[in-house]
Amino acid sequence: SSDLYKGKVSRITSQGKEAHHRVSLDRAASLFKGKSSEEQQEIRDRHARVGVHFGNDPRNLIGLSRERHTGGGDSVHRETEKMDRSIKKAGKESSKVFGAIKKLRSR
């Protein structure tokens, strides 16, 4: 509920930290897009069984220092951006990867 979320954010900020979504809102959005509310709830229930929560569910929040959250080069958000760039780059270079695999198999 909205009150539980607000309470969690309040507890985090009262410790001098920032609230960070473990599963980012924009990443999870595609899982739910075009699904009925029943289907969306099934997705939430299935993932909750393994400890994954979405959106503003208080269990999807952790408290991080400003530096760790959005600060320097090793902040969570910068690490995510680096990972996304690497994934995008790997997708463009997949033929090189598969070529290397073929060479390894042929030995």
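A quick note: this is a predicted structure, and the numbers were derived from the prediction, not measured.

This part takes up the overall build of the protein. Of regular secondary structure, the protein possesses six helices and two strands. Starting at the N terminus and walking to the C terminus, you meet the elements of the protein as α-β-α-α-β-α-α-α. Expressed as a percentage of the 107 residues in the protein, the buried residues total 16%. Put simply, 59% of the contacts in the protein that link residues at least 6 apart link residues at least 24 apart. Counting every atom, the protein has about 8100 Å² of accessible surface; 54% of that belongs to carbon and sulfur.

Right, let's talk about the layout of surface pockets for a bit. Looking at the largest pocket, its volume works out to about 220 Å³. If you go around the largest pocket, the residues you meet are His20, His21, Arg22, Val23, Ser24, Asp26, Arg27, Val76, His77, Thr80, Glu81 and Asp84. Of the residues forming the lining of the largest pocket, the biggest block, five residues, is contributed by helix H5 (residues 76-92).

Within the secondary structure, valine 9 is located in helix H1 (residues 2-14). Valine 9 sits in the partly exposed class, given a relative accessible area of 23%. On a C-alpha basis, the gap between valine 9 and isoleucine 62 in space is 8.9 Å, while along the polypeptide they are 53 residues apart. Here valine 9 is in contact with Ala19 and Leu61, once residues within four sequence places are set aside.

Each pair of aromatic rings is reported with the distance of its centres and the angle of its planes. For the coordinates displayed, the defined rule picks out one aromatic pair. Taking 5.2 Å as the distance between ring centres and 80° as the angle between the ring planes, the aromatic pair formed by phenylalanine 32 and phenylalanine 54 counts as edge-to-face. Residue phenylalanine 32 is found in helix H2 (residues 25-32), and its partner phenylalanine 54 is found in the loop between helix H3 (37-48) and strand E2 (61-64); the two are separated by 22 residues along the sequence.

Parameters at a glance
Residues numbered from 1 in each chain as written. Predicted model: local features only at pLDDT ≥ 70, side-chain atom pairs only at ≥ 80, totals over all residues. Heavy atoms only, no water. Helix = DSSP H or I, 4+ residues; strand = E, 2+ residues; numbered from the N terminus. Buried < 20%, exposed > 50% of the residue type's maximum accessible area, 1.4 Å probe, protein only. Contact = heavy atoms within 4.5 Å. Areas by Shrake-Rupley, 256 points an atom, 1.4 Å probe, with all protein chains shown as cover. 1 Å grid on protein atoms, 1.4 Å probe; cavity = no way out; pocket = protein on both sides within 12 Å on 5 of 7 lines; lining within 4 Å. Points joined across faces, edges and corners; volume = space filled by probe spheres on them. Phe/Tyr/Trp six-rings, centres within 6.5 Å; stacked < 30°, edge-to-face > 60°.

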